[in-house]
Amino acid sequence: MPFEIRLFPCLKDNYGVLLHDPGDGSTAAIDAPEAGPIDAALAASGWRLTDILVTHHHADHTGGIADLKNRHGCRVVAPRKEAQKIPSVDVTVREGDFVTVGSLIGRVLETPGHTLGHIAYWFKPENLVFVGDTLFSVGCGRTLEGTADQMWQSLLKLRNLPVDTQVYCGHEYTAANVHFALTIEPKNAALRARAEEVVHLCSANMPTIPTTIGSEKSTNPFLRADLHSVASAVNLEGVAPAQVFARIRSMKDRF
Ligand SMILES: [Zn+2]
């Protein structure tokens, strides 16, 4: 199905995203960090907000929901396991459920770890995935509520999507993530190329998002924790990938 998409900054370093079906005019915001920039993007595009698809309960992803719902009367779709922490929810979803935005059909993937009920929305025919704070470009979310093993399994689920899937995440953290990743894999050619690209994009004040699953597989140390070379770089050769992931995550937390 044809679709249009708009990405724009919100708050300090969040992203807002609008997904639009030009066929029937439906438009979904993926998360709602704050109402102002979402209203501005709607006004600039002439689109009408019909849906908000929420990835997780954190305030920097939900702060704009109540206001937007009041004024636009849009439907709010949220993860079932966190619905009580999210305002104005109409529909709750879990693993395997389908969510429609006009004629666009997204599938819910549960990706616990950053929060326990975190979900992603995968629009397979459109090659899009909205991952919230589970996966970032060259990084991943902090394991705030879940275990390292849960987070690793969630990242594997995203890593298994087709390599050309366009990935929209919740924050612009790429430059800092690249600095850290280079300490783990200084010789990774794909990572070094991505580092150069990110410098150019950031100096031009351009987003580094979307990324792709293929790009992340070759550059993101958190998706590469089951590689011998990465385990060895953090002195955990022969250790289970989830533990290698946990070590890299705690190194990044202290970086
Ligand atoms: Zn979060």
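Given the structure is predicted, the values throughout are model-derived calculations rather than measurements.

Rules behind the numbers
- Residues numbered from 1 in each chain as written.
- Predicted model: local features only at pLDDT ≥ 70, side-chain atom pairs only at ≥ 80, totals over all residues.
- Heavy atoms only, no water.
- Donors = N, O, S within 2.8 Å, 3.2 Å for Na, K, Ca; no water.
- Helix = DSSP H or I, 4+ residues; strand = E, 2+ residues; numbered from the N terminus.
- Buried < 20%, exposed > 50% of the residue type's maximum accessible area, 1.4 Å probe, protein only.
- Contact = heavy atoms within 4.5 Å.
- Pairing = 2+ DSSP bridges.
- Axes fitted to C-alpha atoms, helices over the stretch in contact; angles between N-to-C directions.

**Examining the coordination of the zinc ion**
Item 1. Ligation of the zinc ion by protein atoms is provided by His56 (NE2), His58 (ND1), His114 (NE2) and Asp133 (OD), these donors lying 2.2 to 2.3 Å from the ion.
Item 2. The motif formed by the donor residues of the zinc ion, counted along the single chain, is H-x1-H-x55-H-x18-D. Here the residue His58 occupies a position in the loop between β4 (51-53) and α2 (59-62), and His114 occupies one in the loop between β8 (104-110) and β9 (119-123), the gap between them amounting to 56 residues. As far as burial versus exposure is concerned, His58 and His114 are alike and both buried.

**What to know about the environment of Val17**
Item 1. Residue placement: Val17 occurs in strand β2 (residues 14-20).
Item 2. You can call Val17 buried: its relative accessible area is 4%.
Item 3. Sequence-wise, Val17 and Ile184 are 167 residues apart; in three dimensions their C-alpha atoms are separated by 31 Å.
Item 4. Other than its neighbours up to four places away in sequence, Val17 contacts Ile5, Arg6, Leu7, Phe8, Ala28, Ala29, Ile30, Phe130 and Tyr168.

**Topic: the sheet that holds strand β6 (residues 91-93)**
Item 1. As summarised here, the arrangement of the 6 strands in space is β1-β2-β3-β4-β5-β6, forming an open sheet in which the pairing is mixed. Only two strands of the sheet have a single neighbouring strand rather than two, namely β1 (4-10) and β6. Each strand of the sheet is rotated relative to its neighbour by a mean of 20 degrees, with strand direction disregarded.
Item 2. Across 3 bridges, strand β5 (residues 75-79) lies against β6 in parallel orientation. Counted as the bridge partner of Val77 is Val91 from β6.
Item 3. On top of the sheet, helix α1 (residues 35-45) reaches β1, β2 and β3 (27-30); it is set at about 145 degrees to β1, its chief contact.

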